[in-house]
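The lines below spell out each chain.
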Amino acid sequence: MKTFFINIHRLVTVFIFIVAACGQPQGSTDETFVNPEDVYSKNGRLDITLNPQEGKTLIGPEEYTVFTYNGKYTPPQLRLNPGDTLNLKLVNMLSMETNIHYHGFDVSPLGKSDNIFRVASPRATPGATIDYRVILPKDHNAGTYWYHPHPCGKSEQQVSLGMSGSIIVSGLFDILPADFANIKDRTFLLKDIQSTEGLQKVLLCDTKNGVQEVYDFDSNAPTTRTVNGVINPGLRIAPGETQLWRISNVGANIYYMLKLEGHKMYQVGEDASYLKQVVARDSILLAPAARVEVLVQGGPAGRYEFKTLAMSTGSEGDNYPEVTLATLFSTGTPVKPLPIPGMLNDKLIDYRTYHVTNRRTFTFTELSDGDSFYINGRQFNLDSIDTKVKLGSLEEWSLVNATNEMHVFHIHQLNFQVTQINGEAINFNHYNDVVNMPPQSTVKILLPFDKPYMVGKFVYHCHILAHEDRGMMQVIEVVK
Ligand SMILES: [Cu+2]
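Only a predicted model underlies this, so the values are computations on that prediction, with no experimental measurement involved. (Residues numbered from 1 in each chain as written. Predicted model: local features only at pLDDT ≥ 70, side-chain atom pairs only at ≥ 80, totals over all residues. Heavy atoms only, no water.)

Asks: Help me out: how do you make sense of the coordination of the copper ion in this one?
Replies: Where a metal carries four tetrahedral donors, each ideal angle is 109.5 degrees; where it carries six octahedral donors, the ideal angles are 90 or 180 degrees. The coordination sphere of the copper ion contains the protein donors His 407 (ND1), Cys 462 (SG) and His 467 (ND1), at a distance range of 2.0 to 2.1 Å. We note that the donor set of the copper ion lies within a single chain, spaced as H-x54-C-x4-H. On the criterion of sequence distance, the pair formed by His 407 in strand S30 (residues 407–411) and His 467 in helix H4 (residues 465–469) is long-range, its members being 60 residues apart. Of the two residues, His 407 and His 467, both sit in the buried class. (Donors = N, O, S within 2.8 Å, 3.2 Å for Na, K, Ca; no water. Helix = DSSP H or I, 4+ residues; strand = E, 2+ residues; numbered from the N terminus. Buried < 20%, exposed > 50% of the residue type's maximum accessible area, 1.4 Å probe, protein only.)

Here is the structure:
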């Protein structure tokens with residue numbers, strides 16, 4: 001009976017969806033894209049409460065089980081300035097532990113700051129509410145960041161079901177030419193959702209109380225891709241108009257190969273930094289957790305698809321089909337295009353000109369069971385310290401991917417410079433906080449452990465959260 005009810009319910013929703021779609025005028029150029037709701041800091045502080053909770057939401061014609069902040073699949077976008085303090089109260093309404101990581105922030109990992117070793121207990125237990133106080137240094141990089149949960153063994157499920165949101169640290173418009181000040185500023189949160197119906201459950205990390213098992217997602221299974229929670233929204237631009245698109249991969253596991261038909265994407269930012277020199281891109285690989293900021297100038301009047309192209313993450317990885325993420329309508333009165341700047345950011349240090357104090361190698365491996373992932377032969381242990389670094393060091397790390405699928409290296413609390421991939425030197429143009437590791441490759445990076453706020457324990461890991469939750473993570477301690 002239950003199945004019959006669900007089927008009738010689905011048929012009715014699909015029917016309503018088809019009727020609604022047919023009701024739209026042919027070639028509609030409606031703007032259905034909705035930016036996340038902005039919450040701005042005032043007088044140097046931003047106070048906000050977030051409630052992680054389970055619920056149901058309609059995405060396109062289908063209803064999905066979701067985990068959200070404050071009941072919103074696209075939660076508030078936090079707008080901060082360098083030097084601000086973020087006071088965030090996390091009131092856990094989930095039946096399992098959760099917490100928050102401020103991805104890309106160069107802040108302290110201690111106490112109530114960006115400390116992933118601290119968790120909010122499940123709802124209705126002592127410790128279900130925790131407070132964060134995150135102080136951005138005055139010289140913090142401007143850029144597009146994001147927040148998401150980071151509890152041991154439960155990050156994939158919580159992010160997969162919707163828990164991720166945007167943070168913007170202001171400053172881009174100070175380095176762009178003055179005539180860019182009023183361009184449209186859009187945020188694209190790329191998330192994908194799968195139904196939890198019929199999924200097996202697994203135990204990945206023991207916790208004190210509440211629900212301990214999580215869904216065993218398959219990152220290679222069909223998934224519904226959304227932009228700010230909407231399937232294929234429409235966006236308008238005038239021919240010649242310039243817009244800023246901040247594009248963030250805030251899903252748990254999957255990659256994007258971005259392409260905008262008929263347009264170049266003029267890249268100005270990546271992860272935690274603005275580029276020395278603007279780069280005109282035909283396509284952009286966006287690994288899990290990566291962000292790019294691009295300038296787009298409206299082409300001749302017409303309809304253009306913004307797509308992720310078909311791609312594979314390796315012979316033992318995943319295969320993703322081509323999907324239209326959004327549709328751009330170039331329409332209305334043409335405007336004169338702004339000249340795209342060449343040089344943009346002259347504040348970046350090329351660490352290759354500095355003395356390297358220490359070199360290390362980290363080898364990423366996995367078993368073919370899909371359940372066991374390792375760094376230097378070890379799986380994550382909350383209580384271990386795998387790497388100890390002295391404050392003031394500049395280290396070179398060789399990241400060896402000894403598997404036949406991509407992985408994504410990420411470290412908390414600092415940015416790094418990618419210098420080599422498979423022996424080939426990388427032109428220095430920006431820093432990163434994630435870097436894709438191709439199958440059977442070696443990526444070399446330089447890490448400046450140079451700011452006093454880095455002191456303490458934090459983590460580095462693969463940002464494919466299925467891998468992180470299954471062991472591909474280690475603890476680092478920076479000591480004075
Ligand atoms: Cu991985």
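This is not the end of the story, as more comes after the structure.
Asks: Sorry, what's going on with the state of the cysteines here?
Replies: A covalent bond between the sulfur atoms of two cysteines is what we call a disulfide. The full count for this structure, using the stated rule, is one disulfide. Paired by a disulfide, Cys 152 and Cys 205 hold their sulfur atoms 1.9 Å apart. Across the S-S bond of Cys 152 and Cys 205 the torsion is about 100°, and the bridge reads as right-handed. Of this pair, Cys 152 sits in the loop between strand S9 (143–148) and helix H2 (155–160) while Cys 205 sits in the loop between strand S12 (201–203) and strand S13 (213–215), and the two are 53 residues apart along the sequence. Taken individually, Cys 152 and Cys 205 each receive the classification buried, so the pair is uniform in this respect. (Disulfide = S-S within 2.5 Å.)

Asks: Help me understand the pairing of strand S3 (residues 52–59) in this model?
Replies: In the case of a regular strand, side chains alternate between the two sheet surfaces. Relative to strand S4 (residues 62–69), S3 runs antiparallel, the two sharing eight bridges. Residue pairing across strands places Lys 56 opposite Thr 65, the latter belonging to S4. Following S3, the chain reverses through two residues before pairing antiparallel with S4; Gly 60 in that reversal takes a positive phi of roughly 60°. (Pairing = 2+ DSSP bridges.)

Asks: Even after reading the chapter, I still don't get the pairing of strand S34 (residues 441–449), so can you show me in this structure?
Replies: Most of S34 is tucked away, with seven of its nine residues classed as buried. Where strand S29 (residues 393–401) meets S34, nine bridges bridge the pair, whose relative direction is antiparallel. Its bridge partner being in S34, Ser 398 is matched across the sheet by Lys 444. Summarising the sheet, strand S31 (residues 417–421) and S34 pair through four bridges and their orientation is antiparallel. Bridging from a neighbouring strand, Gln 417 pairs with Leu 446 of S34.

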